[in-house]
Amino acid sequence: ETGVTQTPRHLVMGMTNKKSLKCEQHLGHNAMYWYKQSAKKPLELMFVYNFKEQTENNSVPSRFSPECPNSSHLFLHLHTLQPEDSALYLCASSQMAGEDYEQYFGPGTRLTVT
Amino acid sequence: GQNIDQPTEMTATEGAIVQINCTYQTSGFNGLFWYQQHAGEAPTFLSYNVLDGLEEKGRFSSFLSRSKGYSYLLLKELQMKDSASYLCAVREGDYQLIWGAGTKLIIKP
């Protein structure tokens, strides 16, 4: 149990669908992250929130929209995705962003876009 | 540009020692992390280096040379459960972590 949970664990969606990924951390952390992990590729940092404020948006297409209502919850809203967006989406949290704290990862959502 | 290189795959024998190398070229450096990721699971933190030298933590040790842009993870007394991918990541700026593609380690009896 890592203290970071993600739902759903698996998601299949069509290119015209709208869906949301949810992440919750039970560690009292103040920073949360979204990553994309594709097979045999490095983890790609998508978004960083520190104390509920977005601090990084690494040129992520607008079809991915993050939301962080509080320090414990993070959402990734998806709409009009492309097949190349199929990947494992990992959420992580840390004590704070911008410091040397390790990140704790959730189990991920395996997304397939058809 | 940003680049982190790790071997794609390594094989070692149970009970032996293995060294997984990581070389990096980044525009900034504020520390280097190693994570372990078992197949189908989340990455878990192993070690962090910000100063040159060796950090030892049980069977695992991590080394950093900032002047050479080089780190390694040393795993001793290998166990079958050590079969996993090992990810190297460099904290480049305030919030940015640059990740390597990972080294898949296969342990054979």
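Values in this document were obtained by computation on a predicted structure and should not be read as measured data. (Residues numbered from 1 in each chain as written. Chains lettered and ligands numbered in written order. Predicted model: local features only at pLDDT ≥ 70, side-chain atom pairs only at ≥ 80, totals over all residues. Heavy atoms only, no water.)

A. Main features of the overall build of chain B. Helix and strand content of chain B: zero helices and eleven strands. Reading the secondary structure of chain B in the N-to-C direction produces β-β-β-β-β-β-β-β-β-β-β. Computed over its C-alpha atoms, the radius of gyration of chain B comes to 13 Å, within 12% of the 13 Å expected for a compact globule of 109 residues. Across its three principal axes, chain B shows a C-alpha extent of roughly 40 × 30 × 20 Å. A total of 109 residues make up chain B; the buried ones form 48% of that total. (Helix = DSSP H or I, 4+ residues; strand = E, 2+ residues; numbered from the N terminus. Rg over C-alpha atoms; globule rule 2.2 N^0.38 Å. Buried < 20%, exposed > 50% of the residue type's maximum accessible area, 1.4 Å probe, protein only.)

B. Focus on unusual backbone geometry. All names here are of chain A. In this structure, Pro8 follows Thr7 across a cis peptide bond, with omega equal to -10°. Among the structural elements, Pro8 can be located in the loop between β1 (4-7) and β2 (10-13). At Lys40, a residue that is not glycine, the phi angle is positive and equals roughly 60°. Inspection of the secondary structure puts Lys40 in the loop between β4 (31-37) and β5 (44-50). Given the relative accessible area of 80%, Lys40 is considered exposed. At Phe51, a position not held by glycine, the phi torsion is positive, near 50°. Note that Phe51 resides in the loop between β5 and β6 (53-57). For Phe51, a relative accessible area of 43% corresponds to the partly exposed category.

C. A look at the sheet that holds strand β1 (residues 3-5) of chain B. Residue and element names in this part refer to chain B. Overall, antiparallel pairing links the five strands, which are arranged β1-β3-β8-β7-β6 in an open sheet. Strands at the two margins of the open sheet, each flanked by one partner only, are β1 and β6 (53-57). Going across the sheet, the axis of each strand differs from the next one's by a mean of 15°, ignoring polarity. Taken together, the five bridges between β6 and strand β7 (residues 60-65) define a ladder with antiparallel strand orientation. Along β7, the bridge assignment pairs Glu56 with Ser61. (Pairing = 2+ DSSP bridges. Axes fitted to C-alpha atoms, helices over the stretch in contact; angles between N-to-C directions.)

D. Main features of the interface of chain A and chain B. Contacts between chain A and chain B engage 22 residues on the former and 17 residues on the latter. For the pair chain A and chain B, the summed buried area comes to about 1,700 Å², and 57% of that belongs to carbon and sulfur atoms. Inspection of the chain A/chain B interface yields zero salt bridges. Our enumeration of links across chain A and chain B arrives at three residue pairs in polar contact (both at pLDDT 80 or more). (Contact = heavy atoms within 4.5 Å. Buried area = accessible area lost by both parts, 1.4 Å probe. Salt bridge = Lys/Arg side-chain N within 4 Å of Asp/Glu carboxyl O. Polar contact = N/O pair within 3.5 Å; in protein donor to acceptor, adjacent residues only side chain to side chain.)

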